[in-house]
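Survey of secondary and tertiary structure
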Amino acid sequence: MARIVATVSGGLDSVVLAHHLVDQGHDLLMLSIDYGQRHRKEHEFAERTAVRLEADYEVVDLRNIATMLPGYSLTDSNVDVPDQHYTAPGSVNVVPNRNVILLSVAFGRAAAEKADKVAIGTVAGDDTTAPDCSREFIDAFNAMERVATAGYAPAELQVIAPFIDVAKSEVINLGDRLGVRWAETWSCFNGYDVQCGLCAACQDRRLAFEKSDVSDPTEYRNG
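These notes cover the structure that comes with them. Fair warning: this is a prediction, and the values are worked out from it, not measured in the lab.

**Concerning the sheet that holds strand S4 (residues 117-119)**
What the five strands build is an open sheet, ordered S3-S2-S1-S4-S5; its pairing is parallel. Each end of this open sheet is capped by a strand with a single partner; those strands are strand S3 (56-61) and strand S5 (158-160). Going from strand to strand, the sheet's axes swing by 25° on average, the running direction of each strand aside. With five bridges connecting them, strand S1 (residues 3-7) and strand S2 (residues 27-34) associate as parallel partners. Looking at the pairing, Thr7 lines up with Leu31 of S2. Across the sheet, helix H2 (residues 42-53) is in contact with S2 and S3; its angle to S2 comes to roughly 170°.

Structure (structure tokens):
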């Protein structure tokens, strides 16, 4: 059994990740990081997951950092969330360098408590629009941390991304086998009472369910 610090937003991928790690017998600390995102509602669902899994759970308050990240729909209230799927690098839905920030916090937390691993729920295809979801990034980040924490963190401490080569639809299939409650996950980039159904995250969610063996129980505001 390993002690693992996992970044868990409350979305499909990270909630399945949490279930997967617990199913494998690991001791889990779930971190939800509030970077001032428009859809911080997602943390409610991360906390529900932690309660169900009886995992440790913390919310890291980095809300003020949003003021340093203008021009993106997730961190700038002056930028609307477009009703479209991801198209290519340069999408306003992507906050460049976000995973650098989130993983640095998680790695620091893991180093402080001498944890064994840090986990992130990146899935295959995420790097099409977000370069900091790529295997190249994960490898480079781990190389950097080996230097940054040398002599202070366990030598084997590193970031793992168990789903980095797994399609989102297959992650859903795995989650279904693990008993994930899909109605208790949140993907939408908007902060409505129900998920909008039109933003990039909602469209990604709907498409993944269509490709999976699982019916989508999500209530969408549109459609």
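**Overview of the pairing of S1**
When you tally the buried positions in S1, you get five out of five residues, the bulk of the element. The alternating pattern of S1 places Arg3, Val5 and Thr7 and Ile4 and Ala6 on opposite faces, both of which are buried. Between S1 and its parallel partner S2, the chain crosses via helix H1 (residues 12-23), and the hand of that crossover is right-handed. In terms of strand pairing, S1 meets S4 through three bridges, oriented parallel. Bridge pairing links Ala6 to Ala119 in S4.

**Considering the packing of H1 against H2**
Remark: H1 packs on H2, axes separated minimally by 10 Å, with the N-to-C direction vectors making an angle of 15°. When the axes of H1 and H2 are compared, the pair comes out roughly parallel. Our pair here, H1 against H2, has a crossing hand that is right-handed. Each of Val15, Ala18, His19 and Val22 in H1 lies in contact with H2, whose residues at this interface are Thr49, Arg52 and Leu53. Looking at the contact of H1 with H2 residue by residue, the classes come out as four nonpolar, two polar and one charged.

**A few points about the layout of surface pockets**
In this structure, the largest pocket spans a volume of roughly 1100 Å³. In terms of lining residues, the largest pocket is bounded by 48 residues, among which Asp13, Tyr86, Arg98, Asp126 and Lys168 are the most central. Residue assignment for the lining of the largest pocket shows that the elements contributing at least two residues are H1, S2, H2, helix H3 (98-112), helix H5 (168-177) and helix H6 (200-211). A total of five residues in the lining of the largest pocket trace back to one element, the largest contributor, which is H6. Tallied by class, the residues present in the lining of the largest pocket amount to 21 nonpolar, 19 polar and eight charged.

**A closer look at the environment of Thr75**
Structurally, the position occupied by Thr75 is in the loop between S3 and H3. Accessibility expressed as a relative area gives 10% for Thr75, which makes it buried. Between the C-alpha atom of Thr75 and that of Tyr86, which follows or precedes it by 11 residues, the distance is 17 Å. Among residues more than four places away in sequence, those in contact with Thr75 are Tyr35, Gly36, Ala66, Leu69 and Val95. Here the side chain of Thr75 touches Leu69 through a polar contact of 2.6 Å, landing on its backbone oxygen.

**Section: empty space enclosed by the protein**
For the structure on display, the rule yields one cavity of 30 Å³ or more. Here the largest cavity defines a volume of roughly 40 Å³. For the lining of the largest cavity, the leading source of residues is H2, giving three residues. Residues belonging to the lining of the largest cavity are distributed by class as follows: no nonpolar, two polar and four charged.

**Section: the side chain of Ser73**
Relative to the assigned elements, Ser73 resides in the loop between S3 and H3. For Ser73, the side chain forms a polar contact with the side chain of Asn93, separated by 3.0 Å. If near-sequence neighbours (up to four positions away) are discounted, Ser73 is found in contact with Arg38, Val79, Asp80, Val81, Pro82, Val92 and Asn93.

Here is what the cut-offs are and how they apply
Residues numbered from 1 in each chain as written. Predicted model: local features only at pLDDT ≥ 70, side-chain atom pairs only at ≥ 80, totals over all residues. Heavy atoms only, no water. Pairing = 2+ DSSP bridges. Helix = DSSP H or I, 4+ residues; strand = E, 2+ residues; numbered from the N terminus. Axes fitted to C-alpha atoms, helices over the stretch in contact; angles between N-to-C directions. Contact = heavy atoms within 4.5 Å. Buried < 20%, exposed > 50% of the residue type's maximum accessible area, 1.4 Å probe, protein only. Right-handed = clockwise from strand over helix to strand, strands pointing away. Parallel < 35°, antiparallel > 145°, perpendicular 65-115°, else oblique. Left-handed = near helix turned anticlockwise from the far one by under 90°. Nonpolar A, V, L, I, M, F, W, Y, C, P; charged D, E, K, R; others polar. 1 Å grid on protein atoms, 1.4 Å probe; cavity = no way out; pocket = protein on both sides within 12 Å on 5 of 7 lines; lining within 4 Å. Points joined across faces, edges and corners; volume = space filled by probe spheres on them. Polar contact = N/O pair within 3.5 Å; in protein donor to acceptor, adjacent residues only side chain to side chain.

Fair warning: the whole summary comes from geometry, so function is off the table for now.
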